[in-house]
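Coordinates in review
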Amino acid sequence: MDTAGKTATARRFDATALRGKVVHVLLDLTYAGRLFRLARTDLLMTSTATGEALQYAGDLVDEVRWEEVINLFQASADNVSTPLAFTLPVNVAALVQAGHDLLQASGELSLWIEGTAYEARRVLLRGHLVDPSYGYAGEPVVASLESEAFRDRAVVPPSLLVVSTETWPNADSSVLGRSYPLPFGEASVASSPGYLVDTTGGAEVLLVAGGTCVATSASVTDGTTTEVRALTRSTDALGRTCTTMSLAGTALALDGAFGLVWNQGAGGMQARDGGTLTRAGDVLEAFLSMSTLPVDWGRVAAARPYLDPFLLCGCVVEGVTPWEWLTANVLPLLPCSLVNGPDGVYPVPWRYAATSRDAVATIDTAADPDVELDGAVLVEGSARDRVNRLKLRYALDQLTGTTTRYAVLGSDEATSTAVAESVYCAQSRLRYGVLEVEAESTVVYDPATAALVLAWQARAGALPTRRVQYLMPSSWGWLERGDVVLLTDAGLSFSLQPALVEGTTYQEDGMLGLALRLVDDVARKFRAAG
């Protein structure tokens, strides 16, 4: 029996397994109903799952360079691809002519440590061939292996959850065609709308949410009057679960819009632990689970401690893909980058406050002569790219469509509790003058979260960051994007300098390219301009 596909593999290598070993690139290619095993040289290994001896043919023609990088603060994940050239022991031209489409060829690219089992390989990429070219029998196929198209096909709220005369025969005409709201979080202002779906006199009903809510009651307002009322799990006329609120006997004006204020100890959508969906890690997990995208759930869980301090609230009120909604509303607020791995998309936290305690390794060019500088230190950006006075408008009132609160970071004029100073912004103003930026959020309602957002954005944008690259033995290949290391290089005056692993490049000559972004603490190195 042949072995291929998503068998259990190593998530990452460790330093002990790599030390003194040779690492090979493997390509498992499925085309025209056959599995072809390819490498740069003939290899033989054993599958522990089946006991089979697996033979890889040395038919990868060109060196395979595999690069894993993160684009810091990028709120979307790109498709991953790598160029390949290989020969196959079949007549590709004849197969294509017979209807075997090369675009349907699928592949898995992995790294394998010589002498280990097949299952110990580390998968880098799974996907299909793109832009393939071929020639006579025996000539190489040249193509790129690209991850699956990054396209979310889901819609939230689901497209059928719409107020209509079928779902709510007595609905007010002004709400016909509205999608059922999906509220989450808690707030002190109206963070989600309510729709009058039953206008029967004395028995009016408000649609609060598509699905069930954690809260058993909520405040409802018409902009002038506010009442606290119970929430009821209901069904619409087609039997679909929703949450409603009876307005029987209300003093609210029934000829206008309604807003829900989730201030009764709980909110709308439910988190995995049964509580209110409000922590950013929970929100990311919940909306990714609604999408059709492949997700690396283990790595999502690992990132949650860095995301959960951010508390979010809001409501999805019109049809959008979960991924589009996340990238537009949530991800720009969080200190992380999205990457696409072999098991799906996942966040890599930007550990902007990393210290020596967070380091997983120390890189010392003097202690390890095989580590060498690859190019010069790059100071990224220019003075005009900096920001040192940041304003965030937040707490959107769904009734008025306006934000009701603001926070400012980067001002020594403490005119209110909403204005604060930052040593990073202060240093930036000394160097470059005042550089302001203003933004608005539809999902921040909590002052502490607004402060957290501005704090990491100031660390990211107030001062330039430095990037440096090194070449080192592949035994360092266990390092991953987002890891914290300490860098010592006397020639560059680095001594136990904290740095983030921003990218790795695997080379066939056994060397690893490592891109590092330095984590500077200007609180310790405050210097005026000049």
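Conventions adopted
Residues numbered from 1 in each chain as written. Predicted model: local features only at pLDDT ≥ 70, side-chain atom pairs only at ≥ 80, totals over all residues. Heavy atoms only, no water. Pairing = 2+ DSSP bridges. Helix = DSSP H or I, 4+ residues; strand = E, 2+ residues; numbered from the N terminus. Axes fitted to C-alpha atoms, helices over the stretch in contact; angles between N-to-C directions. pLDDT = per-residue confidence, 0-100. Contact = heavy atoms within 4.5 Å. 1 Å grid on protein atoms, 1.4 Å probe; cavity = no way out; pocket = protein on both sides within 12 Å on 5 of 7 lines; lining within 4 Å. Points joined across faces, edges and corners; volume = space filled by probe spheres on them. Nonpolar A, V, L, I, M, F, W, Y, C, P; charged D, E, K, R; others polar. Polar contact = N/O pair within 3.5 Å; in protein donor to acceptor, adjacent residues only side chain to side chain. Salt bridge = Lys/Arg side-chain N within 4 Å of Asp/Glu carboxyl O. Buried < 20%, exposed > 50% of the residue type's maximum accessible area, 1.4 Å probe, protein only. Phe/Tyr/Trp six-rings, centres within 6.5 Å; stacked < 30°, edge-to-face > 60°. Core = buried A, V, L, I, M, F, W, Y, C linked by side-chain atoms within 4.5 Å.

As a further point, take the sheet that holds strand 16 (residues 241-246). Across the sheet, which stays open at both edges, the 7 strands sit in the order 14-13-17-11-12-16-15 with antiparallel pairing between neighbours. Each edge of the open sheet is held by one strand with a lone partner, namely strand 14 (226-230) and strand 15 (232-235). This sheet shows a mean twist of 45° between the axes of neighbouring strands, independent of strand direction.

Summing up the model confidence of the protein, the mean pLDDT is 91 and the portion of residues at 70 or higher is 94%. With pLDDT under 50 throughout, residues 526-530 is counted as low confidence; its partners more than four residues away or in other chains account for 9 contacts.

Turning to empty space enclosed by the protein, a few remarks are in order. Counted according to the given criterion, the structure contains 3 cavities of 30 Å³ or more. Taken as a whole, the largest cavity encloses approximately 50 Å³ of empty space. Lining the largest cavity are Thr87, Leu88, Val90, Val92, Ala93, Tyr134, Gly135, Tyr136, Ala137, Gly138, Glu139 and Val141. Its residues placed into classes, the lining of the largest cavity shows 8 nonpolar, 3 polar and 1 charged.

Quick look at the side chain of Arg517 now. You can see Arg517 is positioned in strand 31 (residues 511-518). A polar atom in the side chain of Arg517 sits 2.5 Å from the side chain of Thr465.

This brings us to the pattern of salt bridges. The tally for this structure, following the rule as stated, stands at 25 salt bridges. In this structure, the salt-bridge partner of Arg126 is Glu108, at a minimum N-O distance of 3.2 Å. Here the residue Arg126 occupies a position in strand 8 (residues 122-133), and Glu108 occupies one in strand 7 (residues 106-113), the gap between them amounting to 18 residues. Judged by its relative accessible area of 14%, Arg126 falls in the buried class. Where Glu285 meets Arg272, a salt bridge forms, and the shortest distance between an N and an O atom there is 3.4 Å. Taken together, the positions of Glu285 in helix 3 (residues 280-290) and Arg272 in the loop between strand 17 (258-261) and helix 3 put the pair 13 residues apart, joining distant regions of the chain. By relative accessible area, which is 10% here, Glu285 ends up buried. What makes Arg272 exposed here is its relative accessible area of 64%. Among the charged side chains, a network of salt bridges with common partners joins Arg272, Asp273, Arg279, Asp282, Glu285, Arg304 and Asp308.

The next point concerns the sheet that holds strand 8. The 6 strands are arranged 2-1-7-8-9-6 in an open sheet whose pairing can be described as antiparallel. The outermost strands of the open sheet, each flanked by one partner alone, are strand 2 (34-38) and strand 6 (81-86). On average, each strand axis in the sheet is inclined to that of its neighbour by 30°, with strand direction left out of account.

Among the structural elements, Val90 can be located in the loop between strand 6 and helix 2 (92-97). Assessed through its relative accessible area of 18%, Val90 is described here as buried. Note: C-alpha distance between Val90 and Ser416 (326 residues apart in sequence) is 75 Å. The residues contacting Val90, other than those within four sequence positions of it, are Arg34, Phe36 and Leu95.

Moving on to helix 3. The periodicity of an α-helix, 3.6 residues per turn, causes residues three or four positions apart to be oriented the same way. Most of helix 3 is tucked away: 9 of the 11 residues are buried. Buried within helix 3 are the following residues: Ala280, Gly281, Asp282, Val283, Leu284, Glu285, Ala286, Phe287 and Leu288. In the core, the buried residues of helix 3 are packed alongside strand 10 (182-184), helix 4 (297-307), strand 18 (314-316), helix 5 (322-329) and strand 20 (344-349).

Tallying each qualifying case throughout the model produces 4 aromatic pairs. Note on Phe184 and Phe287: the rings are 6.1 Å apart at their centroids and 70° apart in plane angle, and the pair reads as edge-to-face. In this pair, Phe184 is assigned in strand 10 and Phe287 in helix 3, connecting sequence segments 103 residues apart. The residues Phe184 and Phe287 share a single accessibility class, namely buried. The interplanar angle of 40° and the centroid separation of 5.3 Å between the aromatic rings of Trp350 and Tyr352 together place this pair among those described as tilted. In this structure, Trp350 and Tyr352 share a single accessibility class: buried.

One finds Phe287, Leu312 and Trp325 to be the most contacted residues of the largest nonpolar core, which totals 62 residues. By size, the runner-up hydrophobic cluster in this structure holds 47 residues, among which are Leu88, Val90, Val468 and Leu487.

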